[in-house]
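Architecture and fold: a report
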Amino acid sequence: MTTTASGPTTEVELAIGGMTCASCAARIEKKLNRMDGVAATVNYATEKAKVSYGGDVSVPDLIATVEATGYTAREPAPPVRDAPDDTGGDDELRPLRQRLITAVTLAVPVVAMAMVPALQFEYWQWLSLTLAAPVVVYAGWPFHKAAFTNLRHGAATMDTLISVGTVAAFLWSLWALFLGTAGEPGMTHPFELTIARGDGSGNIYLEAAAGVVAFILAGRYFEARSKRKAGAALKALLELGAKDVTVLGGDGRERTVPVSELKVGDRFLVRPGEKIATDGTVVEGSSAVDVSMLTGESVPVEVAQGDPVTGATINAGGRLVVEATRVGEDTQLARMAKLVEDAQNGKAAAQRLADRISAVFVPIVIALALATLGFWLGNGAGPAAAFTAGVAVLIIACPCALGLATPTALMVGTGRGAQLGILIKGPEVLESTRKVDTIVLDKTGTVTTGRMALLAVHTADPADEAEVLRLAGALEHASEHPIARAVADGALEKLGSLPTPEDFANLPGLGVQGIVDGHAVLVGRERLLEEWAMELPEALRQAKSDAEAAGRTAIAVAWDGEARAVLEVADAVKETSPEAIRRLRALGLTPILLTGDNEAVARSVARAVGIAPEDVIAEVLPQDKADVVKRLQGEGRSVAMVGDGVNDAAALAQADLGLAMGTGTDAAIEAGDLTLVRGDLRVAADAIRLSRRTLGTIRSNLFWAFAYNVAALPLAAAGLLNPMIAGAAMAFSSVFVVGNSLRLRSFRAAN
């Protein structure tokens, strides 16, 4: 609850049902905002309304207003982490899938008989009616229902055009079959393209009605499947946390309980490799904690008694006892889940192109049909000829190519993308790719590998690099610390094998010591060497200083009483990242590096890949990454975001276009609009190019789908349209749209 100048207000989120297009969301939003003390935003993509209300308004009042507008509303149940897999989305899709299967199965023979004269046997028209009726009435029911709702509120959308056109074609066919001459045995659609006025009593348009319903249902089904994943980012975030926790009782006994039973003040045990159950403070032990999943920090954080730790991070080292300080919805993980949800709800959905065109096209067509009817009645052409011309206008205005325009281009474009390692979530994503001018890149795991690696070895005479790696690598190989593993892996890669150390000891916060091949070896911080009265020579001290200035971790190595080497460990830049930055710039995008790491690390990475120093934003807390994206959007930029960690999920959802690295976490992948299967940033440039190409194909498909039919409207209004011309226009526009979409198969990734 918040308080404003006008009094206290409360926020609620409503789940909205029954929306079929972006104009539905706009209508609901308009109705809600007309209520006193109400401010609402409705998102068609997520099917949710975020409402602030005060005064005498209550939640039942809000729901009643939505229902009076012709839709359903309810308060959504909160997500439950331990609930079984949700199948509700599948239940919601089942009726649509059943209608689609019915429509396709029955419409194919109807269209085939109408378009192939050889299939027109003696009573073919009656079989067409038998097959087409369930398609128009049952399969097309969602369109008719939505059109009626729109009519009640004085609106016209794609549904209005589909419903009016298919019903007009079906009713006219019924009239022609039962009261005209179309029902006579041996009736055929003549295979000729002559233009002549007639009374329409021998014409049926069942193939147009059934084909349109089947094609557009297919598009709606695939769109609905992509919308099902709107809440998957939240589920992925919640599943990141630990499920069970080992709680320590007052008597020191251990018991395992579900995380949901944890209370503030409880003490729990975290063994090496386990996830920390909730936010808390270390009361016993010390370790290195891998926080990269939440913060993007590439270097593990050393924690000891009194240090805070965050739920869902991983204990990479020793045994810890933690006292819970925040549980449930108060934890950082839960707050990040809320950030993702808020970003998704506040993100404006791209309005479907067909609906925008229909908002103008439908009223014009209906007005033209009525004008045609009135004109011919007023000129004494007779009711049959007048109605033939009027209905022909409605029929020709409802092209099946319109239903093919988006789904075919999307199907070919997404299929080609999948072959190239690019997953596009839905048609609403594409429009964003055209407008983006800024691309924000997370550092860890996106521009860099996300793993610590040994980058350089500096030695002091007489030690050589192989000797340093053999002794230091052998000792670090016995440690579980992530930095130690980087040294050990680097040594193994160069030497192939390492000796086994003796008397190994881990010194928390300092490093490790032991005996390797008879040498007393120390590996760790400079302070560890100082405790043994050893100092780094000037050359090694300078190497250490340079490494730290570049944002790398410097590790000192000594044996037999002398400091012998300094090792540089850091999160390495991917080899392909500099080329990726060049390609993104070529697309007109300004790259910005965003990271939770310190300024020195960030600037070092930016220099390596070619990002300008002024385009580096470092030391950003996880919950602030979405705010950085908002700030850039506030400057008038259209922002794309590339990331792979949990800490990137809210920013990915907030961005105009979210690109998630498929090598990252589920939360990031689900929050993104495009998923890059490979961990190669160059694919981001290919993804934007492919998306722009696919959007361009959809736009040209929509143009031609309308153009053919708009060109035929004067013929229909003049009463000169016969079934063959209508069928040819429908077939040609459909073939053109499919052929145009298939050109996307030639898309190639940049070399």
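As the structure is a prediction and not an experimental result, all values here were calculated from the model.

**A short note on the packing of helix H4 (residues 124-139) against helix H5 (residues 141-152)**
Across the interface, H4 lies against H5 with an axial gap of 5 Å and an inter-helix angle of 45°. Relative to H5, the element H4 is oriented oblique. The segment H4 lies against H5, with Val136, Val137, Tyr138 and Ala139 engaging Trp141, Pro142 and His144. Its residues placed into classes, the contact of H4 with H5 shows 6 nonpolar, 1 polar and no charged.

**Looking at the sheet that holds strand E24 (residues 616-617)**
On the basis of which strands lie adjacent, the open sheet formed by 7 strands has the order E15-E27-E26-E25-E16-E23-E24 and mixed pairing. Only two strands of the sheet have a single partner each, and these edge strands are strand E15 (422-424) and E24. Relative to E24, strand E23 (residues 590-594) is paired through 2 bridges, and the arrangement is parallel. Across the sheet, the residue bridging to Leu594 is Ile617, located in E24.

**Here we look at the nonpolar core**
Residues Ile204, Leu206 and Leu217 are the most contacted members of the largest nonpolar core, which totals 50 residues. Elements that contribute at least two residues to this core include exactly helix H3 (88-115), H4, helix H6 (158-178), helix H7 (206-227), helix H11 (353-378), helix H12 (383-396) and helix H25 (682-717). Residue contributions to this core peak at 10 residues, all from H7. Those residues within four positions of Leu206 in sequence are excluded, and the remaining contacts are Val110, Gln125, Ser128, Leu129, Ala132, Phe170, Ser173 and Leu177. Counting 45 residues, the second-largest nonpolar core is a separate cluster that includes Leu587, Ala618, Val683 and Ala684.

**What to know about the packing of aromatic side chains**
Counted according to the given criterion, the structure contains 3 aromatic pairs. Ring geometry for Trp126 and Phe178: centres 5.3 Å apart, planes at 75°, overall edge-to-face. Here Trp126, found in helix H4, pairs with Phe178, found in helix H6; they are 52 residues apart in sequence, far enough to count as distant. Phe178 gets classed as exposed once you look at its relative accessible area, which sits at 54%. Arg99 extends its terminal NZ or CZ atom over the ring of Tyr138, reaching a point 4.8 Å from the ring centre.

**With respect to the side chain of Ser479**
Residue position: Ser479 is located in the loop between helix H16 (465-476) and helix H17 (482-495). Its relative accessible area of 9% is what places Ser479 among the buried residues. Not counting the four nearest positions on each side in its chain, Ser479 is found in contact with Ala484, Arg485, Phe504 and Val512.

**A look at the UniProt feature "transmembrane region" (unreviewed entry) in the protein chain**
Listed under "transmembrane region" (unreviewed entry) in the UniProt record, and renumbered for this structure, are residues 100-117, 123-141, 161-182, 202-222, 357-378, 384-406, 701-718 and 724-742. Segment residues 701-718 splits into 94% helix and 0% strand. End C-alpha atoms: 27 Å apart.

**Points about the sheet that holds strand E6 (residues 244-248)**
Ordered by their spatial adjacency, 6 strands build an open sheet running E7-E6-E8-E14-E9-E12, and the pairing between neighbours is antiparallel. Pairing within the sheet leaves two strands with one partner each, and these edge strands are strand E7 (254-258) and strand E12 (308-309). Bridge count between strand E8 (residues 267-270) and strand E14 (residues 320-326): 4 bridges; the pairing is antiparallel. Residue Val270 lies in a different strand from E14, and its bridge partner there is Leu320.

**Some details on the pairing of E8**
Relative to E8, E6 runs antiparallel, the two being bridged by 3 bridges. The residue of E8 that forms the bridge with Thr246 is Leu269.

**Side note on the pairing of strand E9 (residues 279-284)**
Relative to E14, E9 runs antiparallel, the two sharing 5 bridges. Across the sheet, Glu284 pairs through a bridge with Val321, a residue of E14. Judged from the 2 bridges that link them, E9 and E12 form a sheet pairing that is antiparallel. Looking across to E12, one finds that Gly280 is bridged to Val309.

**Focus on unusual backbone geometry**
Of note, the phi angle at Asp517 is positive, near 50°, even though the residue is not glycine. Note on placement: Asp517 falls in the loop between strand E19 (511-516) and strand E20 (519-524). Here Asp517 falls in the partly exposed class, since its relative accessible area comes to 46%. Even without glycine at this site, Ala533 takes up a positive phi of about 60°. With respect to the secondary-structure elements, Ala533 resides in the loop between helix H18 (526-531) and helix H19 (538-549). For Ala533, a relative accessible area of 73% puts it in the exposed group.

**Points about a nonpolar patch on the surface**
On the surface, a cluster of nonpolar side chains totalling about 290 Å² of accessible area is made up of Phe121, Tyr123 and Leu127. Summarising the element assignment, Tyr123 is placed in the loop between H3 and H4.

**Points about the confidence of the model for the protein chain**
Predicted confidence across the protein chain gives a mean pLDDT of 79, with 81% of residues reaching 70 or more. Confidence drops under a pLDDT of 50 for residues 346-351, and excluding neighbours within four residues, the segment shows 12 contacts in the predicted structure.

Thresholds, definitions, all that
Residues numbered from 1 in each chain as written. Predicted model: local features only at pLDDT ≥ 70, side-chain atom pairs only at ≥ 80, totals over all residues. Heavy atoms only, no water. Axes fitted to C-alpha atoms, helices over the stretch in contact; angles between N-to-C directions. Helix = DSSP H or I, 4+ residues; strand = E, 2+ residues; numbered from the N terminus. Parallel < 35°, antiparallel > 145°, perpendicular 65-115°, else oblique. Contact = heavy atoms within 4.5 Å. Nonpolar A, V, L, I, M, F, W, Y, C, P; charged D, E, K, R; others polar. Pairing = 2+ DSSP bridges. Core = buried A, V, L, I, M, F, W, Y, C linked by side-chain atoms within 4.5 Å. Buried < 20%, exposed > 50% of the residue type's maximum accessible area, 1.4 Å probe, protein only. Phe/Tyr/Trp six-rings, centres within 6.5 Å; stacked < 30°, edge-to-face > 60°. Lys NZ or Arg CZ within 6 Å of the ring centre and 35° of its normal. UniProt positions renumbered as here; feature names shortened; annotations may be inferred. Patch = residues over 30% accessible without salt bridge, like charges linked within 9 Å, V, L, I, M, F, W, Y side chains within 5 Å. Areas by Shrake-Rupley, 256 points an atom, 1.4 Å probe, with all protein chains shown as cover. Salt bridge = Lys/Arg side-chain N within 4 Å of Asp/Glu carboxyl O. pLDDT = per-residue confidence, 0-100.

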